[in-house]
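Structural characterization, general
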Amino acid sequence: MKAKNCLIFGGSGQIGRHLIRKLTKNNYKVTVVTRNIHQKSYLIKTQANAGYIDIIEANIFDQEKIVNLFKKADICINLVGILFEKKEVDTFKNIHSVFPLLLAKLSKTNIVKNFPLATILRPSIVYSVDDNFTTNFMTMLKRLPFFPLYYDGKTKFMPIHCSDLADTIYKIISENIYSKIIECVGPEVMTFREILEKLLKLIDKKRILIPLPLSIANFSAKIFEKLPNPLLTSDQLRLLKYDNIISGKYKTNGEIGVPSLKRFDDEVKKYAHMWRDGGQFSTEKYVGKEKIKTDNI
Ligand SMILES: NC(=O)c1ccc[n+]([C@@H]2O[C@H](COP(=O)([O-])OP(=O)(O)OC[C@H]3O[C@@H](n4cnc5c(N)ncnc54)[C@H](OP(=O)(O)O)[C@@H]3O)[C@@H](O)[C@H]2O)c1
C-alpha cells in the first residue's frame, strides 16, 4: 500500500511531535511546515525515521508555496495556535480564523482527498512531559511561596494526555471518521485548584493557594501581558472563567472508540520528580537504597 502523505502545520509543537511519531510509525509520510527550519528542524526531524519526514520552511500565509505542498498531500492537519497575540500579523483573528479559512479554501480547490471529511478537534487541556502546562506550573509552584487562584480555582478541566490525543487523531485519519466537531478529553474532571494540589503533592511541596479577587487578577494580567512571554494575559483570564469539559453537544474521543485511559497523577508522576528536591534520587528507585558512590569517578 502506498504511504499516505500528511501535510502538517504547527508540527513542531507538543501535539505535533506526538502525532508525527504516531503517524510515521504507522507508515504515513509527513511533510511538516515550520517558520524556522534552523531553530525547529532538530525537534521535528528526530520524531521520525529518515524517509518518512520532510520539513519545509514557510510563512503560513505564503499561498504560492502552500499550494505546491497541497499538490502532494492526501491529508492536511492544522496544529497552529497561539495563546497571546504578537505584532500585527500574529493576531488571534489571523492565526485562528484567517489561516484555517485559507487551508479550507486550498483544500477544496486542490482536492485534498479528505477535504469533505474535515474534522475539528476540541481538546481540553493537553499535558505530557513536553507541555507548557504541567511543567511550567511545577516550576512556578516550586519557586513561589504562594500561588494565585483565579475564579476561586473552581474552573473545571478534563486533562487529556498528549499521546491519547495523538491516538484520537490517528484513528480519525486512518479510519476516515467524519464528525464536524469532536471533543477530546481525559478520564477525570478536575478543578484548577485540584490540579494545583495534585502537582504540589507530586513535587512534594506545600504552598498557599490564594483566591485572587477578579480586579487584582485583571490588573496583574494587564501587567504580565507586556512581557514577551506572558504568564497570564487578559484573554487567558477570560478563558479561565469557563469550564473546559465536554459540552454534551458533540461526539467525544470515547464515542469514536478512543477513550483516554491515562490518569493525570500516574502520567505526571513519571516526570514530576525532576521538580522535587533530590531530583531523580527522590524516586522510589533510589530512596532507602545505598547511596551512590561518586568518590572513584
Ligand atoms: N496544548 C493544549 O493544551 C491545547 C488545548 C486545546 C487546543 N490546543 C490547540 O492545539 C494546537 C496545537 O497545540 P500545541 O500544544 O501542540 O501548541 P504548541 O506546542 O504551542 O505549538 C504550536 C505550533 O504552532 C506554530 N505557530 C505558533 N505561532 C505561529 C505563527 N504565528 N505562525 C505560524 N505558526 C505558528 C509553531 O510552529 P513553528 O514554530 O514550527 O512555526 C508551533 O509548533 C493549537 O492550535 C492549540 O491552540 C492545544
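Whatever comes next refers back to the structure up there.
The following paragraphs examine the structure supplied in this document. Since this is a predicted model, take the numbers as computed values, not measurements.

Here is what the cut-offs are and how they apply
Residues numbered from 1 in each chain as written. Predicted model: local features only at pLDDT ≥ 70, side-chain atom pairs only at ≥ 80, totals over all residues. Heavy atoms only, no water. Buried < 20%, exposed > 50% of the residue type's maximum accessible area, 1.4 Å probe, protein only. Helix = DSSP H or I, 4+ residues; strand = E, 2+ residues; numbered from the N terminus. Pairing = 2+ DSSP bridges. Near = heavy atom within 4 Å. Polar contact = N/O pair within 3.5 Å; in protein donor to acceptor, adjacent residues only side chain to side chain. Areas by Shrake-Rupley, 256 points an atom, 1.4 Å probe, with all protein chains shown as cover. Nonpolar A, V, L, I, M, F, W, Y, C, P; charged D, E, K, R; others polar. 1 Å grid on protein atoms, 1.4 Å probe; cavity = no way out; pocket = protein on both sides within 12 Å on 5 of 7 lines; lining within 4 Å. Points joined across faces, edges and corners; volume = space filled by probe spheres on them. Phe/Tyr/Trp six-rings, centres within 6.5 Å; stacked < 30°, edge-to-face > 60°. Patch = residues over 30% accessible without salt bridge, like charges linked within 9 Å, V, L, I, M, F, W, Y side chains within 5 Å. Salt bridge = Lys/Arg side-chain N within 4 Å of Asp/Glu carboxyl O. Axes fitted to C-alpha atoms, helices over the stretch in contact; angles between N-to-C directions. Contact = heavy atoms within 4.5 Å.

Within a regular strand, side chains alternate between the sheet's two faces. Only one face of strand β4 (residues 75-78) is covered, namely the face carrying Ile-75 and Ile-77; the face carrying Cys-76 and Asn-78 is uncovered. Of the strand pairs in this sheet, strand β1 (residues 5-9) and β4 are connected by 4 bridges, and their pairing is parallel. Among the inter-strand pairings, Cys-6 is bridged to a residue of β4, identified as Ile-75.

The immediate surroundings of the ligand are formed by 19 residues, with Ser-12, Thr-34, Arg-35, Lys-40 and Val-126 found nearest. In the model, an oxygen atom of the ligand is placed 2.6 Å from a nitrogen or oxygen of the Ser-12 side chain. The separation between an oxygen atom of the ligand and a polar main-chain atom of Val-80 is 3.0 Å. Contact with the protein chains covers 76% of the free accessible surface of the ligand, which is 890 Å². Looking at the shell around the ligand, its residues break down into 9 nonpolar, 7 polar and 3 charged.

Once that is clear, we can look at the layout of surface pockets. Empty space among the atoms can be located by rolling a probe the size of a water molecule over them. Of the pockets and cavities examined, the second largest pocket occupies roughly 240 Å³. In terms of lining residues, the second largest pocket is bounded by 13 residues, among which Leu-202, Lys-269, Arg-276, Ser-282 and Thr-283 are the most central. Those elements that place two or more of their residues in the lining of the second largest pocket are α7 (192-202) and α10 (264-272). Of the residues assigned to the lining of the second largest pocket, the class counts are 2 nonpolar, 3 polar and 8 charged.

Right, let's get into the packing of aromatic side chains. With the rule as written, the count across this model stands at 9 aromatic pairs. Ring plane angle 75 degrees and centroid distance 5.3 Å describe the contact between Phe-9 and Phe-99, whose orientation is recorded as edge-to-face. Note that Phe-9 is positioned in strand β1 and Phe-99 in helix α4 (residues 92-109), a separation of 90 residues in sequence. Just as Phe-9 is buried, Phe-99 falls in that class too. Joined through ring pairs, the aromatic side chains of Phe-133, Phe-137, Phe-147 and Phe-192 make up one cluster.

Turning our attention to a nonpolar patch on the surface. A surface patch of nonpolar side chains, amounting to about 280 Å² of accessible area, comprises Phe-146, Ile-208 and Ile-210. The topology assignment puts Ile-208 in strand β12 (residues 208-211).

This part covers the sheet that holds strand β3 (residues 53-57). Within the open sheet, the 4 strands sit side by side as β3-β2-β1-β4. Their pairing is parallel. The open sheet is flanked by β3 and β4, the only strands paired with a single partner. Going from strand to strand, the sheet's axes swing by 20 degrees on average, the running direction of each strand aside. Two elements, strand β2 (residues 29-34) and β3, share 5 bridges in a ladder whose sense is parallel. Each bridged residue has a counterpart across the sheet, and for Val-32 the counterpart in β3 is Ile-55. Its contacts with the sheet place helix α1 (residues 14-25) against β1, β2, β3 and β4, and it is angled at close to 155 degrees to β2. Sitting on the sheet, α4 is in contact with β1 and β4, with an inclination near 180 degrees to β4.

Let us look at the environment of Val-185. Among the secondary structure elements, Val-185 is positioned in the loop between β10 (181-184) and β11 (190-191). Sequence-wise, Val-185 and Lys-289 are 104 residues apart; in three dimensions their C-alpha atoms are separated by 39 Å. When sequence neighbours within four positions are dropped, the list of residues in contact with Val-185 reads Ser-124, Met-158, Ile-160, Ile-246, Asn-253 and Ser-260.

These results come straight from atomic positions and should not be treated as a statement about function.
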